[in-house]
Amino acid sequence: MTAISPALLSDVTAALREAGRSDLVDRLVASATAAPLTSQQAATLLGVSSANTVKNWLEGGWFPGAFQTAGGHWRFPLDDVEAVRSRLDGLRDRNSCRDLTPVDGDDASADPPLS
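Everything numeric in this text was worked out from a predicted model, so none of it was measured.

Observations concerning the packing of helix α3 (residues 39–46) against helix α4 (residues 51–59)
Here is step 1 of the chain: It is the contact of α3 with α4, at a shortest axis distance of 8 Å, that shows an interaxial angle of 95°. In terms of axis orientation, α3 runs roughly perpendicular to α4. Taking contact as the criterion, the partners of Ser39, Gln40, Ala42, Ala43 and Leu46 in α3 are, on α4, Ala51, Val54, Lys55 and Trp57.
Here is step 2 of the chain: Counted by class, the contact of α3 with α4 contains six nonpolar, two polar and one charged residues.

Right, here's the structure in full:
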């Protein structure tokens, strides 16, 4: 099987989500990204434009399973990226409804900023 590029994966998963086929999105993402993700791949799946955003969130503790390779490059488990994406989707839904109450009931929300 040929590897799918992160850009194509993003386009296909977006089209499948629009068609209401999240079941196929999950299967495609799992098969296409069985190995840990690079910061750029994680950024693409999270819908952010920069791998630096993902690295900033890493410093904030949002990817507990992330690790560095011997060459110093970060790798992100798909489960961690999916968990962050779920949180971001929830925040986007709340923002679209203009629900500005803190998630945990305090003013110091620990959610990553949308970018």
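What follows picks up the thread again.
Topic: the confidence of the model for the chain
Here is step 1 of the chain: Of all residues in the chain, 77% attain a pLDDT of 70 or more, and the chain-wide mean is 81.
Here is step 2 of the chain: Across the chain, α4 holds the top mean pLDDT of 94, while helix α2 (residues 22–32) sits lowest at 76.

A few points about the packing of aromatic side chains
Here is step 1 of the chain: On inspection of all chains with the given rule, the structure shows one aromatic pair.
Here is step 2 of the chain: Their ring planes at 75° and their centres at 5.0 Å tell us that Phe63 and Phe76 sit as a pair that is edge-to-face. With Phe63 in the loop between α4 and β1 (67–68) and Phe76 in the loop between β2 (74–75) and α5 (78–96), the pair connects residues that are 13 residues apart, well separated along the chain. Assigned by exposure class, Phe63 and Phe76 land together as buried.

Rules of the game
All chains use their own residue numbering, which begins from 1 and follows the written sequence. Restriction of local features to residues with pLDDT of at least 70 applies here, the model being predicted, together with a cutoff of 80 or more for giving and counting side-chain atom pairs; totals for whole chains, interfaces and linings are based on all residues. Values reported for side chains reflect all heavy atoms of the structure, with hydrogen atoms and water molecules removed beforehand. Angles shown run from 0 to 180 degrees and are taken between the N-to-C directions of axes, each axis being a line fitted to C-alpha atoms and, for helices, limited to the stretch in contact. We count a stretch as a helix when DSSP gives it H or I for four or more residues in a row; a strand needs E for two or more, and each element gets its number in order from the N terminus. An angle below 35 degrees is read as roughly parallel, one above 145 as roughly antiparallel, one from 65 to 115 as roughly perpendicular, and any other as oblique. Residue contacts follow a heavy-atom distance rule, with two residues in contact if any of their heavy atoms lie within 4.5 Å. Any residue that is not Ala, Val, Leu, Ile, Met, Phe, Trp, Tyr, Cys, Pro, Asp, Glu, Lys or Arg is counted as polar, Gly included; the first ten are nonpolar and the last four charged. Summary of the metric used: pLDDT quantifies the predictor's per-residue confidence within the range 0 to 100. Here a pair means two rings of Phe, Tyr or Trp (six-membered ring of Trp) with centres within 6.5 Å. Their orientation is stacked below 30 degrees between planes, edge-to-face above 60, and tilted elsewhere. When accessible area is computed with a 1.4 Å probe and restricted to protein chains, residues below 20% of their type maximum are described as buried, those above 50% as exposed, and intermediate ones as partly exposed.

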